[in-house]
Amino acid sequence: MVTVTILLIAAACALPFVLKGYHTFQATLVLIYAIALLGLNLLTGYNGQISLGHGAFYAMGAYAAAILMDRAGVPYWATIPLAGAVCLVVGFLFGLPALRLEGLYLALATFALAVSMPPILKAHFLEKWTGGVQGIVIMKPEPPAWLAATGIKLNADQWLYFFALAVAIVLFIVAWNLVVGRVGRALVAIRDHHIAAEAMGINTALYKSLAFGISAMYTGIAGALGAIAVQFVAPDSFTVFLSITLLVGIVVGGLASLSGALYGALFIQFVPNIADELSKAAPWAVFGVFLIGFVYLMPTGAAGAVRALTTRLRGVKLSTPKEDIP
Amino acid sequence: MEAVLLQFLAGLATGSIYASLALALVMIYQATHLVNFAQGEMAMFATYIAWALINAGMPYWAAFLLTVAFAFVFGVLIERVVIRPVENAPVLAVVAVFIGLLVILNSIAGWIFTYTIKSFPSPFPAALGIRYMSPHQVGALLVTLAVLALLYVFFRFTPLGLAMRAAAQNPVSSRLVGIRVGWMLALGWGLAAAVGAIAGMMVAPIVYLDPNMMAGILLYAFAAALLGGIDSPGGAVVGGLLVGVLENLLGAFVIGNELKLVVALVLIVGVLLVRPSGFFGSVHVSRV
Amino acid sequence: MRAAYGATRVLHGIDFAMEEKSITALLGANGAGKTTTLRAICGMVRTEGAIRFAGEPITGKRTEDIVRLGIAHVPDGRGTFLHLTTEENLRLGAYVRKDRANVARDLERVYAYFPRLKERSHQQAGTLSGGEQQMLAVSRALMLAPKLMLLDEPSFGLAPLVVRELFGILRTINAEERVSMLVVEQNAAMALDLADQACVIETGRVVLSGSAAELKKDDAVRRSYLGY
């Protein structure tokens, strides 16, 4: 596993030198989606709390970054932890009432949140901050001066890619630590047997709210990075369809799986591009078909399929089929 | 004062549309304990079919009836083909399937009919209008009430309606008296789809026909269904009217039109937190 | 006949025959497999082996189809439609019948057997007492105009006086409507009084069978199931 990860990182580092400008940008978006999916997966995959509204946290992170950069002159790299902190708090606060909502009802409430987000962002009384319907335009960050001093020449796209890559690697490592440790086990226990977990002494309320907070933080950071990459935030970029896109990402990529975030991100970034050739409406039809198809045929997602394949190739029998995939 | 009355009556008219959609949601919830996230898109799709028929020259009420029939069949098919395999699956799987359905219907409508906004005719003659309500508002209210009355009669006084109620409440006992529970479920979906189609055709003249027209309305319908009690048909109707009136009054006098949708959000979250069974629903205690 | 719930085998060898128009009692301790036997007849559990009704095999058929053959099941717990009215419950019993006129007549007959149900005909069934719900369950089964009635622990939770009244009515129904009955009971004494034939089941197997009169005199039965 470790060798694969190192190879992956090496390949990732080499990528921007091989790809042309626009493709580097797309690769950056894949990284950003992967972070967002990681967030959603922590909440829905590992902890079983269904969120159809994670697009709202992405929007919060994006707007936080945009407002800080445009209205407060904060440098782009500082907006990442700040956006993360804001979303962590908001997410945790969301998690508190969410404690009382189970499965379907939580899905319903988060769905309502997602649908209401654009109107809130367009509201007149917030316009001073959000820029209303027109949104906010931000400047693309240039590679820092100290980089030129070391002799490495990167253009803005490449620099942004490496920045996002660094953030992604840090966040993946943190997530991995969480998931394989006590926290991860507690989250899964709560998902699978809520009452038994509580009976065993796990503070389910705390863990569930924390899960919401951390998950929101991840997706918010992704949103901030996304805003910087796209250089623009506007209410209509954050409709309920964004939340649905993230859902597709974790179902196709693989629930309760870290590598699934990567597969899912690749899927949601590139499939619309391919489907677009057919018709403007086709990407969503494809998403819908894949969503339903994966639920029927591949409920463990791409990550599950990969794991099954590698296990078969290695000739090892799965001892506990329900074990969660790293 | 007159302004308030105007908004109140307008609220009743739109509220009756929310009530119809909420009723469709409740019908499916009663039978399956599932919330049909795709209800709005199914209604939207049916409305487009009506539009196509009318555009091809068919008289309004003929198109109306044909669309209702089509929606019914479509609902039955969706239940048998798409929903049945996941009826007992974990919640996330079911939600994913519903969302998938939502998205497919939305995109197919956009693909076939394009995203250009279209106008949809109102069949109600000018004579129907009264002092404070437009002909369409009166008409929509009347149609909704007629549909509700028909449904009430069907469920309370016909053997099939009784069988459907029984199948929803107690599938095991229903089998013991020979009811084919699976088909009752499918019929329920068909009826819900038909009711949704009527709601769509009543709302389209107001909000104009476009693939995304039902998203906000679905939210209001959710709020209405929850407010009234997710397993209470009567509650859905009361909830719908209430939500309609509230939305209009708040939107006109308190928070402005653009934030009206947030009312739905607040209602949904509020009801779920404070009184999940709504006004008329039954409280569920689950044994562990 | 053998039956299983999922992967758990519950019945290992049930073998008995019922005569038309008779009442047969199925006795045994808790967990012996009596309820499962009834469920197997109704197609509610997976079975192996053969179940024949009026000469025709019915194993593998779905519950809804078995009902249409004339087998009415009064389940343990009564299976009342709690949110529907008494009369709606009764009408559901006749759901598969096509002869509307006879259904109306049967409804009156049922009310004649159980006048208390007529009093409560428009009340919500969930508000009826235990005894009344049992009567309702039996009546619902009767509304099918069945050839065979399966009754699962009809005496459960009822006062002895009520049970005596109920069983008396069952005897009358058997005689006048000519309905065969298969009665599962833990209350062996009353069941043996009611029935013509009886079988004793122990851990999924029939261990004793014969006429009810014989079994009442049998020492083993007396000691194990009648308590004296």
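Structural notes, computed from the coordinates. Small disclaimer: the values here were computed from a predicted structure and weren't measured.

Quick notes on the interface of chain B and chain A
Here is step 1 of the chain: Counting from both sides, the interface comprises 36 residues of chain B and, opposite them, 38 residues of chain A.
Here is step 2 of the chain: The set of elements that each furnish at least two residues to the side of chain B that touches chain A consists of α4 (91-113), α9 (214-228) and α11 (260-274) of chain B.
Here is step 3 of the chain: The element best represented in the side of chain B that touches chain A is α4 of chain B, accounting for 16 residues.
Here is step 4 of the chain: Residue composition of the side of chain B that touches chain A, by class: 30 nonpolar, five polar and one charged.

A closer look at the arrangement of the chains
Here is step 1 of the chain: Looking at the two pairs of chains with contacts, the pair that accumulates the most is chains A and B.
Here is step 2 of the chain: At their nearest point, the C-alpha atoms of chain A and chain C are still 19 Å apart, with no contact between the two.

Considering the interface of chain C and chain B
Here is step 1 of the chain: Listed by partner, the interface residues are 16 residues for chain C and 15 residues for chain B.
Here is step 2 of the chain: Broken down by secondary-structure element, the contributors of at least two residues to the side of chain C that touches chain B are α2 (63-68) and α3 (86-93) of chain C.
Here is step 3 of the chain: Split into classes, the residues belonging to the side of chain C that touches chain B amount to seven nonpolar, five polar and four charged.

Let's talk about unusual backbone geometry
Residue and element names in this part refer to chain C.
Here is step 1 of the chain: Within the chain, alanine 145 stands out as a residue other than glycine whose phi angle is a positive 55°.
Here is step 2 of the chain: Assignment of secondary structure puts alanine 145 in the loop between α6 (130-142) and β8 (148-152).
Here is step 3 of the chain: Although it is not a glycine, glutamate 153 adopts a positive phi angle of roughly 50°.
Here is step 4 of the chain: Within the secondary structure, glutamate 153 is located in the loop between β8 and α7 (160-177).
Here is step 5 of the chain: Judged by the 22 C-beta atoms lying within 10 Å of it, glutamate 153 falls in the buried class.

A look at the sheet that holds strand β7 (residues 71-74) of chain C
Sheet strands line up and pair through hydrogen bonds in the backbone, either parallel or antiparallel.
All names here are of chain C.
Here is step 1 of the chain: Pairing is mixed across the open sheet formed by six strands, whose spatial order is β7-β8-β9-β3-β10-β11. Across the chains shown, the open sheet's two edge strands, defined by having one partner strand only, are β7 and β11 (205-211). Taken over all neighbouring pairs, the strand axes of this sheet differ in orientation by 15° on average, direction set aside.
Here is step 2 of the chain: For strand β10 (residues 197-202) and β11, the ladder comprises six bridges, and the chain directions are antiparallel. From the neighbouring strand, cysteine 199 faces β11, where its bridge partner is serine 209.
Here is step 3 of the chain: Lying over the sheet, helix α1 (residues 34-41) contacts β3 (23-27), β7, β8, β9 (180-185) and β10, oriented at roughly 150° with respect to β8.

Some words on the packing of helix α2 (residues 39-55) of chain B against α9 of chain B
Residues and elements named next belong to chain B.
Here is step 1 of the chain: For the pair α2 and α9, the least separation of the axes is 9 Å and the interaxial angle reads 135°. With respect to α9, the axis of α2 lies oblique. Pair α2 / α9 crosses with right-handed handedness. Packed against α2, whose contacting residues are Gln39, Gly40, Glu41, Ala43 and Met44, the element α9 presents Met214, Ala215, Ile217 and Leu218 at the interface.
Here is step 2 of the chain: Looking at the contact of α2 with α9 residue by residue, the classes come out as six nonpolar, two polar and one charged.

Criteria and thresholds
Residues numbered from 1 in each chain as written. Chains lettered and ligands numbered in written order. Predicted model: local features only at pLDDT ≥ 70, side-chain atom pairs only at ≥ 80, totals over all residues. Contact = placed C-beta atoms within 7 Å. Helix = DSSP H or I, 4+ residues; strand = E, 2+ residues; numbered from the N terminus. Nonpolar A, V, L, I, M, F, W, Y, C, P; charged D, E, K, R; others polar. Buried ≥ 20, exposed ≤ 12 C-beta atoms within 10 Å, placed from the backbone. Pairing = 2+ DSSP bridges. Axes fitted to C-alpha atoms, helices over the stretch in contact; angles between N-to-C directions. Parallel < 35°, antiparallel > 145°, perpendicular 65-115°, else oblique. Left-handed = near helix turned anticlockwise from the far one by under 90°.

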